[in-house]
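Geometric and topological summary
Read off the chains here:
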Amino acid sequence: MLADFFSSLPLTLQFPHCYGDRMALPNWRIGRALGIPIHVHASWFAVFFFVTWSLATGYLPDTLPGLSAPRYWGMGGIAALLLFLSVLLHELGHSYVALRYQIPIKQITLFIFGGMAHMGKEPPSPRAEFLIAMAGPLVSLILGASCLGGTMAVESLFGQSGVHGLIVLGSLLGMVNVQLGLFNLIPGFPLDGGRVLRAGLWARNKDFNRATIQAALAGIGFGVALGLIGAILMAGAWSGILGQSIASNGVWLLFIGAFLFSAALASKRQAAPRMLLTSVTVRQVMVQRVVTLLPDMTVQDAVDQYFIAQGCGEFPVCEARQLLGMVTVRDVHALPTALWPWRRVREIMRPTSTAFCIPPDWSIMQAMDRMAQGGWDCLVVMENGEIVGLVTQSAIAHYIQLHKA
Ligand SMILES: [Zn+2]
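Everything quoted here is computed from the prediction, not taken from an experiment. (Residues numbered from 1 in each chain as written. Predicted model: local features only at pLDDT ≥ 70, side-chain atom pairs only at ≥ 80, totals over all residues.)

Looking now at the sheet that holds strand β8 (residues 322-328). Taken in spatial order, the three strands make up an open sheet running β7-β8-β9, and their pairing is antiparallel. Here the strands that pair on one side only, and so sit at the sheet edges, are β7 (314-319) and β9 (350-351). Where β8 meets β9, two bridges bridge the pair, whose relative direction is antiparallel. Residue methionine 326 lies in a different strand from β9, and its bridge partner there is arginine 350. (Pairing = 2+ DSSP bridges. Helix = DSSP H or I, 4+ residues; strand = E, 2+ residues; numbered from the N terminus.)

So, on to the domain arrangement of the protein chain. Each assigned domain of the protein chain is listed with its residue range as follows: domain 1 (2-279) and domain 2 (284-404). Distance between the C-alpha centres of domain 1 and domain 2: 51 Å. Each residue belonging to the side of domain 1 that touches domain 2 can be placed in one class, and the counts come to three nonpolar, one polar and one charged. (Domains from an automatic or database assignment. Nonpolar A, V, L, I, M, F, W, Y, C, P; charged D, E, K, R; others polar.)

Let's shift gears to unusual backbone geometry. Put simply, phenylalanine 189 and proline 190 share a cis peptide bond, and its omega is 5 degrees. Among the secondary structure elements, proline 190 is positioned in the loop between α4 (164-183) and α5 (192-205). Unlike most non-glycine residues, glutamine 102 shows phi in positive territory, near 60 degrees. Note that glutamine 102 resides in the loop between α2 (69-100) and β5 (105-111). On the neighbour-count criterion, glutamine 102 (10 C-beta atoms within 10 Å) is exposed. (Buried ≥ 20, exposed ≤ 12 C-beta atoms within 10 Å, placed from the backbone.)

Attention now goes to the sheet that holds strand β12 (residues 386-392). Taken together, three strands build an open sheet; the order of strands is β10-β11-β12 and the sheet is mixed. Since the sheet does not close on itself, it has two edges, and those belong to β10 (357-358) and β12, each with one partner. In the sheet, strand β11 (residues 378-383) pairs with β12 via six bridges, with the strands oriented antiparallel. Considered in β12, the bridge of glutamate 383 is made with glutamate 386. Strand contacts of helix α12 (residues 364-374): β10, β11 and β12, with the helix running at about 130 degrees to β11, the strand carrying the most contacts. (Contact = placed C-beta atoms within 7 Å. Axes fitted to C-alpha atoms, helices over the stretch in contact; angles between N-to-C directions.)

Looking now at the pairing of strand β4 (residues 36-41). On a regular strand, one side chain projects to one face of the sheet and the next to the other, so that they alternate. Here six bridges tie strand β3 (residues 27-33) to β4, and the two strands are oriented antiparallel to one another. Considered in β4, the bridge of asparagine 27 is made with histidine 41. Here β3 hands over to β4 after two residues, with leucine 34 in that stretch at a positive phi of 55 degrees. Judged from the three bridges that link them, β4 and β5 form a sheet pairing that is parallel. Within β5, the residue paired with valine 40 across the bridge is leucine 110.

This next bit is on the environment of glutamine 284. Within the fold, glutamine 284 resides in helix α8 (residues 282-285). Between the C-alpha atom of glutamine 284 and that of alanine 263, which follows or precedes it by 21 residues, the distance is 33 Å.

Judged by nonpolar contacts, the single largest core of 66 residues is most densely connected at Leu55, Ala79, Phe189, Ala215 and Leu260. Not counting residues up to four positions away in its chain, the partners in contact with alanine 215 are Phe189, Gly194, Leu197, Arg198 and Leu201. Membership of the second largest hydrophobic core comes to 26 residues, among which are Val345, Phe356, Ile364 and Ile396. (Core = buried A, V, L, I, M, F, W, Y, C linked by C-beta atoms within 7 Å.)

What follows concerns the environment of histidine 398. Note on placement: histidine 398 falls in helix α13 (residues 393-404). In sequence terms histidine 398 and alanine 266 are 132 residues apart; their C-alpha atoms lie 23 Å from each other.

Further remarks concern the packing of helix α3 (residues 126-158) against α4. Remark: α3 packs on α4, axes separated minimally by 7 Å, with the N-to-C direction vectors making an angle of 155 degrees. Comparing their axes, α4 and α3 come out roughly antiparallel. Judged by the twist between their axes, the crossing of α3 over α4 is left-handed. Listed contacts from α4 to Pro137, Ser140, Leu141, Leu143, Gly144, Cys147, Leu148, Gly150, Thr151, Val154 and Glu155 of α3 are Leu166, Ile167, Gly170, Ser171, Leu173, Gly174, Asn177, Val178, Leu180 and Gly181. Considered class by class, the residues forming the contact of α3 with α4 number eleven nonpolar, nine polar and one charged. (Parallel < 35°, antiparallel > 145°, perpendicular 65-115°, else oblique. Left-handed = near helix turned anticlockwise from the far one by under 90°.)

Here it is as structure tokens:
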């Protein structure tokens, strides 16, 4: 996921963002862009109202005095919509580059903290990761600079008379976009800056999962720091040392800090077992005492003496130390019971293939991928044309359980 966060508006808002998983709360489809469905999450309505309200009752009356309440609310609503449009453009920046790398974007969701582009898979290389991560902040910074530049141009041409409202909205939008770009460059995963950090660590150490863990640790650190700053601002505002408007900034920062902390922690928790799985080899977890079947035994004998007696679902078939194939409980099941005493294992086995034979130096991650592909419960480990062991799903599960502790 790519989630982007609003950062701090002049009034109260910071909008973070990051890439990510879909939220569980209801969301509604509002349109399509670049072929990607655009959704709004239920929490979006709450923050839309909050932004409109704080603009209509605080920021706009302060900077544009003397207008009627309905006008403030109308302008506040338009500004809030433009803010979300800015976030959407930021997400589309990420999405555009991701699509160029053939990474599908399932949807873009606008939610309480900003936006999220749901990427179908991880970037294929550190370079792709870097470019996808940078595209969003780049869009925001360009938008921000254009709004601020345009506002200044309008101001110098027309002065403030008549277009004051436009200037206020333009500079607000400009500042929000600059903040959206800069805030998301904080180098803590899963913020954009954290993705850039991961791309760098990944390129240097050639280990995607280790880079994820390191960048997520930075994300946890920044999450805690933002939360603490938020708490200090709130305490300062409530004790009267800082202004009351600071308090709402503090609350927002605290929320963002908590969000970043939990998102980074989840990323780290996902990456840690993957790192274990890629660093442990099949040789370390394989069962070395391999029970094999003879090709000419009857299926009935195989069932009675092996499948039931050993409690296993798959057996290699061997003759004179030569692997001939594999028989699974599914193959036995496919044969009518009445034929079991009359058919040989040789007739129902699957002939030897690379689908279930792997070398011992593979990682258990590779072995698990292979098992998932073919629906195997176990794979035969072969070295120099001979069976050296069996790797089973339960052996891998036990290894992970033992090493997690
Ligand atoms: Zn972003």
